Amino acid sequence: MLRRIRFDRPLKSSQILFNRVTTWSPVGAAFNAPQHRRPERLQKNVGLFGVPELSSPAGFQVARREALWEMEFLVKRVCTEPPGVGTVEAFDQLSDSLCKVADLADFIKIAHPDAAFRKSAERTCVDVGTVVEKLNTNVELYQSLKNLLDNKDVLATLDPDTRRVAELFVFDFEISGIHLDEAKRRKAVSLNVKLLDLSHEFLHGSYLPSTVEKRSLPEHIRHCFSLDGNRIQISGLHADSPDELVREAAYRIFLYPNTDLLLCLDELLACRHELAKLVGYESFAHRALKGTMAKTPAVICVQPYRTAKDFSMMRSWKKKTRSLNADLMPWDHPYLSGVIRAENIEPIQYSPYFSLGACMEGLDMLFSQLLGVSFQAEEPQTGEVWSDEVRKLAVVHETEGLLGYIYCDFFRRPNKPQQDCHFTICGGWLKGGGRYQLPVVVLMLSLPPPTSRTPSLLTPCMMENLFHEMGHAMHSMLGQTHYQHVSGTRCATDFAEVPSVLMEFFASDYRVVSQFARHYETGEPLPESMVTRLCQSKRICGAADTQLQVFYAALDQVYHGEPQNRTTTDILKEMQGKFYGLPYVHNTAWQLRFSHLVGYGAKYYSYLMSRAVASMVWRQCFLKDPFNRAMGEHYRREMLAHGGGKEPMLMVTEMLQKTPTIEDLVEALVLDPEDFTSSV
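Within an unreviewed UniProt entry, the label attached to the chain reads Mitochondrial intermediate peptidase, and the organism entered is Pygocentrus nattereri. Listed under Subcellular location (unreviewed entry) in UniProt, the entry text for the chain is "Mitochondrion matrix".

Right, dumping it as structure tokens:
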């Protein structure tokens, strides 16, 4: 029942930034100007995200206790009141009381620079997780929902949103086996506990470095890796190394089979299948895909007719390097595709035009024109944020007013995870008396911090990632549902990425980019020819990159389908030959580094499906005019507003005015990007 997983354009103002006079909007200035916070000793500590209890690490335990008190009250209410709308509302409130603590703690445990806060948050996550496991096995709680859904008279009084949320809560219960008899229910609980342990073991093992004796590697490449006495540690594939021998050594050693981890993966897959069968599904993939756009498992073969062309281009380039190995190998693909793209563009030439403030202005202008939504920079209060570099944005609609808040944790700092992601801190929902709990999210990026002389300057890839993550944030802001259980990005995995991937198309369109990309020193706009080259570079080796993703998705589906009497490595070898095209390397086990098998088990395809749907939405709705307000409102109304409150494919159908076929989706993936981008 606990589900974890953005007015009119403001007037410009002139500010002195980095010893130069540059004109930025208030939003641009908030991200390009140095931060000048008020002295904290004069201010009251309001606690993280404005939660008073969280002014110190010990406050997490206070927040946890308060959530548990509210939980006990709501559980009693659900189990004693007659079935009706109130039952679902109480369930949602129960979910919200736990999510507000768990989701906040889940973020703080990885993001806060203070170890005491991290430790306290992690302990809170464990405590709340334990409570949730108990709730998931509470038969009386489950039965109260079943009584509601089994009562036709009561069911007839529910609106579609309430009925869907009730069904989703029941589904969350039943995938844990609560509907089974007592013996099978105990078995399901046992399997779930075992899965938690196996998932943790596999995830931990997938990130561990591989070590070999120093003498195993040629002396002239040893300095490329971490030395630990007489042993060398290899923590990744070193895919961007220009030295082919370094790439090959890293590939062979980092992916060398680990017997214990192979057994762990076997157990993990077998345990998932056993649980899925126990609770009534044909396979774990069938269980995982219920309620998604895909609905049922299928391995989609995207014909690699353009992949061969990409691989041929890489082989030709490899010959120029006078490589001793003429064959194109898996360790060559990422490096050579990057080199070939770099021949077309030099990212450092673009960075002066993509200051963070300029990019934020661009997003503000785009959302204002498309959706009537703007950003207003606010100064956080003392104790509200975990780092002085965090910016706070109020998201405001021109007629509806305040929609929610986005906390922007954009800059690198020591011990901060180097990842780009969106965190829901608090979901929106309609509380008693018509009051709406506003959504609160965090966007975490890994951007270079500003210096005393320059603002944060983004590469084209960083700019695209910013647009991508802001797509998630706007989904959270505009998916304002009655129930928090389905608000914003709390929806099917293969649908959740559609709004974010769609933003990547806006980030590649010159009509959009030309509105904000200008040199941070001179104010000179980014030349259209540079945008054209940038778009062209994205097409280079794009088919091969997509085919690699198809291989990953196919492998994930086969692993989670019917069990096969062969090893995971044998399956990998077959899938790689069928769906990728580059040879399997003997004595490697790439699947042991496939950490997505834990969080995205049977759902890795979601990245491809979301991209296919997003490209269809772009081509049909925004390619002609990326600022079309009527189409923006249509997009909000049909796709963003419902969060997870409607069937995902139904939302896509109403957006496109047709239900996409599998052929439509495959075509959208393999279309040359030139067919759906514009550099007008």
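Novice: Talk me through the packing of aromatic side chains; I want residue IDs and the actual numbers.
Specialist: One pair of aromatic rings is described through two measures. These are the centre distance and the angle between the planes. Counting across every chain of the model gives 30 aromatic pairs. Ring plane angle 75 degrees and centroid distance 4.9 Å describe the contact between Phe107 and Trp386, whose orientation is recorded as edge-to-face. Note that Phe107 is positioned in helix α3 (residues 85–111) and Trp386 in the loop between β6 (373–378) and β7 (391–397), a separation of 279 residues in sequence. Neither Phe107 nor Trp386 differs from the other in exposure class; each is buried. Seen in terms of ring centroids, Trp590 and Phe594 are 4.7 Å apart; in terms of plane orientation they differ by 40 degrees. Their pairing is tilted. Residue class for Trp590 comes out buried when judged on its relative accessible area of 14%. The exposure class of Phe594 is buried, given its relative accessible area of 3%. Clustering of aromatic rings is evident, with ring pairs tying together Phe311, Phe551, Tyr552, Tyr580, Trp590, Phe594, Tyr600, Tyr604 and Tyr607. One residue, Lys392, lies across the ring of Tyr405, its end atom 4.6 Å from the ring centre.

Novice: Give a detailed account of the packing of α3 against helix α7 (residues 160–174), specifying residues and quantitative values.
Specialist: Relative to each other, α3 and α7 sit at 55 degrees, their axes nearing to 10 Å. Considered as vectors, α3 and α7 are oriented oblique to each other. The handedness of the crossing between α3 and α7 comes out as left-handed. When α3 is examined against α7, the residues Val88, Phe91, Asp92 and Ser95 are found in contact with a partner set consisting of Thr162, Val165, Ala166, Phe169 and Phe173. Here the residues of the contact of α3 with α7 are counted per class, giving 6 nonpolar, 2 polar and 1 charged.

Novice: Residue-level account of unusual backbone geometry, with values.
Specialist: Leaving glycine aside, a negative phi is the common case for residues, and trans is the common case for peptide bonds. Residues other than glycine seldom take positive phi values, yet Asn587 does so here, at roughly 65 degrees. Here the phi dihedral of Gln657 falls at roughly 65 degrees; this positive angle occurs in a residue that is not glycine. Locating Gln657 in the fold gives a position in the loop between α26 (648–656) and α27 (662–670). Residue Gln657 is classed as exposed on the basis of its relative accessible area, which comes to 62%.

Calculation criteria
Residues numbered from 1 in each chain as written. Predicted model: local features only at pLDDT ≥ 70, side-chain atom pairs only at ≥ 80, totals over all residues. Heavy atoms only, no water. UniProt positions renumbered as here; feature names shortened; annotations may be inferred. Phe/Tyr/Trp six-rings, centres within 6.5 Å; stacked < 30°, edge-to-face > 60°. Helix = DSSP H or I, 4+ residues; strand = E, 2+ residues; numbered from the N terminus. Buried < 20%, exposed > 50% of the residue type's maximum accessible area, 1.4 Å probe, protein only. Lys NZ or Arg CZ within 6 Å of the ring centre and 35° of its normal. Axes fitted to C-alpha atoms, helices over the stretch in contact; angles between N-to-C directions. Parallel < 35°, antiparallel > 145°, perpendicular 65-115°, else oblique. Left-handed = near helix turned anticlockwise from the far one by under 90°. Contact = heavy atoms within 4.5 Å. Nonpolar A, V, L, I, M, F, W, Y, C, P; charged D, E, K, R; others polar.

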